[in-house]
Amino acid sequence: MSDSLHSDASTLPSDVPHVFITVGSTRFDALVQKALSPPVLDILRAKGYRSLDVQCGNSSFDSAPYEQSAPDHWHRSDRGLDINVWRFKPSLKNDYDRANLIISHAGSGTIIDVLRLGKPLIVVPNPTLLDNHQEELADALAGLGHLRSSTVADLPQAIEKLDPAKLVPFPQFDGSRFRELLDEEMGYVDVDHDHKSKNGARR
């Protein structure tokens, strides 16, 4: 059996262009399945990426083309792209650090962690969640220029069109200011009224 079947992204040279896709603790079948589909794999190869890790959580995907190298770890090499799929790790910090591009569900914690590292980020909200504010959050931060937001169906185009140089660097974290920016961008605050109220309070 080929050793490549048991390779892991962590054993590859650190300068290999690498993509990390995460769904966190959620189940997001559509994103995982799209991430492993030929249109996405083709555009990743075309963009020069050579390694892909997919943290799939409890999501379902077609594991038939993959070698299962551990109970929750699958691997294959596909035309120059080394692909690893696994369910969970205690921490994703090393995965964030290593990635040249991160594609994520729209969990607020994941978004903040990635943006604070200055990593290019594509966010894909999960439309199946009830009381879902993920799309609003993703669109708000995309509107501020910090990331690119995409639907599952449009993921190949989002990857193709992403220009990391055009993303706005995320500011040093200030929790209260971050909430204000999101409230304004998501339309929860009447900016003119709020500004007048603050000015009036100073008199």
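The following refers to the structure shown.

Criteria and thresholds
Residues numbered from 1 in each chain as written. Predicted model: local features only at pLDDT ≥ 70, side-chain atom pairs only at ≥ 80, totals over all residues. Heavy atoms only, no water. Helix = DSSP H or I, 4+ residues; strand = E, 2+ residues; numbered from the N terminus. Contact = heavy atoms within 4.5 Å. Areas by Shrake-Rupley, 256 points an atom, 1.4 Å probe, with all protein chains shown as cover. Pairing = 2+ DSSP bridges. Axes fitted to C-alpha atoms, helices over the stretch in contact; angles between N-to-C directions. Salt bridge = Lys/Arg side-chain N within 4 Å of Asp/Glu carboxyl O. Buried < 20%, exposed > 50% of the residue type's maximum accessible area, 1.4 Å probe, protein only. Lys, Arg positive; Asp, Glu negative; His and termini not counted. Polar contact = N/O pair within 3.5 Å; in protein donor to acceptor, adjacent residues only side chain to side chain. Phe/Tyr/Trp six-rings, centres within 6.5 Å; stacked < 30°, edge-to-face > 60°.

Before going further, it helps to spend a moment on the overall build of the chain. When its secondary structure is counted, the chain shows 8 helices and 8 strands. Contacts in the chain between residues at least 24 apart in sequence constitute 69% of all its contacts with a sequence separation of at least 6. Carbon together with sulfur atoms contributes 50% to the accessible area of the chain, which is approximately 10,900 Å² in total.

This paragraph deals with the sheet that holds strand β2 (residues 51-55). Strand pairing in a sheet relies on backbone hydrogen bonds, with the paired strands running either antiparallel or parallel. Pairing within the open sheet is mixed, and its 8 strands lie in the order β3-β4-β5-β2-β1-β6-β7-β8. Since the sheet does not close on itself, it has two edges, and those belong to β3 (67-70) and β8 (148-149), each with one partner. Each of β1 (18-22), β6 (101-104) and β7 (121-123) is contacted by helix α4 (residues 108-116), which is oriented at about 165 degrees to β7, the strand it contacts most.

The subject of this paragraph is the pattern of salt bridges. One pass over the full model with this rule turns up 9 salt bridges. Here R45 ties to D78 by a salt bridge, and the two come within 3.7 Å at their closest N and O atoms. With R45 in helix α2 (residues 38-46) and D78 in strand β4 (residues 73-78), this residue pair connects regions lying 33 residues apart in the sequence. The exposure class of R45 is buried, given its relative accessible area of 13%. For R76, the salt bridge identified is with D78, shortest N-O distance 3.4 Å. Assessed through its relative accessible area of 19%, R76 is described here as buried. A cluster of three or more residues bridged by salt bridges with shared partners is formed by D42, R45, R76, D78 and R79.

Let us now look at the side chain of D53. As for its placement among the helices and strands, D53 is situated in strand β2. Buried and without a salt bridge, D53 has K89 as its closest oppositely charged side chain, separated by 4.9 Å. A distance of 3.3 Å separates a polar atom in the side chain of D53 from a polar atom in the side chain of W86.

So, about the side chain of R87. With respect to the helices and strands, R87 occurs in the loop between β5 (81-86) and α3 (93-98). One polar contact links the side chain of R87 to the main-chain carbonyl oxygen of G57, over a distance of 2.8 Å. Side-chain polar atoms of R87 contact the backbone oxygen of S59, separated by 3.0 Å.

As a further point, take the packing of aromatic side chains. By convention here, two paired aromatic rings are described through the distance between centres and the angle between planes. In the structure shown here, the tally under the stated rule is 4 aromatic pairs. Measuring from centroid to centroid gives 5.9 Å for F20 and W86, while their planes differ by 20 degrees, and the two rings are stacked. Pair noted here: F20 is in strand β1 and W86 is in strand β5, with a separation of 66 residues, a long-range link. Taking relative accessible area as the criterion, F20 reaches 0% and is therefore assigned buried. Between F61 and Y66, the ring centres sit 6.0 Å apart and the planes meet at 85 degrees, which makes this aromatic pair edge-to-face.

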